[in-house]
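If you want the building blocks of each chain, they are given just below.
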Amino acid sequence: MSKPAAAPEWDGAMVHIWLERRIIAARADQVTAERAGRGEQDDCDKAAAEEMICTLLKGKAATNAQGTLVDELKALLDRDDYIWRGVYDDRRFDRHTRTYIRKLMKMAKTNTGFGNTTHYQ
């Protein structure tokens, strides 16, 4: 039997870089959705949710420790509502925001995905 691979060590600097790049990608996605017109408003709200969460996390020291980031994400998930600029449908935006927070919580708990800094994931 082979040993399971050890989980990579937490790299707060890489998480910070990942958040910065996701903000840039989310902004670009919003512009693309805006240009596409009314039919892409859901994509615009989805990208706005990603931008908001990454922006809220980027400035915090929570990215330096895995457990602290998970706790910060839990606190964000416990919020009653989310307010951000350029949102078309508040309920849809709220749903996308909560989904994105859950995705990041899973990534933080498993310490996977933060090395992928490409635009499309």
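Residues numbered from 1 in each chain as written. Predicted model: local features only at pLDDT ≥ 70, side-chain atom pairs only at ≥ 80, totals over all residues. Heavy atoms only, no water.

**Student:** Just to check I follow, could you spell out the nonpolar core for this structure?
**Tutor:** With 25 residues, the main nonpolar core has W18, I53, L57, L69, L73, I101 and L104 as its most contacted residues. Elements that contribute at least two residues to this core include exactly α1 (12–36), α2 (41–58), α3 (66–77) and α4 (90–110). When residues of this core are assigned to their parent elements, the largest contribution, 7 residues, is made by α4. (Core = buried A, V, L, I, M, F, W, Y, C linked by side-chain atoms within 4.5 Å. Buried < 20%, exposed > 50% of the residue type's maximum accessible area, 1.4 Å probe, protein only. Helix = DSSP H or I, 4+ residues; strand = E, 2+ residues; numbered from the N terminus.)

**Student:** Would you mind going over α3 with me for this structure?
**Tutor:** Residue pairs three or four apart in sequence face the same way in an α-helix, which turns once every 3.6 residues. The end-to-end C-alpha distance of α3, which contains 12 residues, comes to 17 Å, matching closely the 16 Å that a straight helix rising 1.5 Å per residue would cover. Listed in full, the buried residues belonging to α3 are L69, V70, L73, L76 and L77. End-on, the buried residues of α3 take up no more than an arc of 120°, which puts them together on one face. (Expected span 1.5 Å × (residues − 1). Arc of directions from axis to C-beta.)

**Student:** Is there a simple way to think about the packing of aromatic side chains in this case?
**Tutor:** Here the distance between the centres and the angle between the planes together describe a pair of aromatic rings. What the rule picks out here adds up to 2 aromatic pairs. With 5.7 Å between their ring centres and 75° between their planes, W10 and F114 make a pair best called edge-to-face. Taken as a pair, W10 in the segment before α1 and F114 in the segment after α4 lie far apart in primary sequence, 104 residues in all. In this structure W10 comes out as buried when scored by relative accessible area, which is 17%. Each ring, one from W18 and one from F114, has its centre 5.2 Å from the other, and the planes form 85°; the classification is edge-to-face. (Phe/Tyr/Trp six-rings, centres within 6.5 Å; stacked < 30°, edge-to-face > 60°.)

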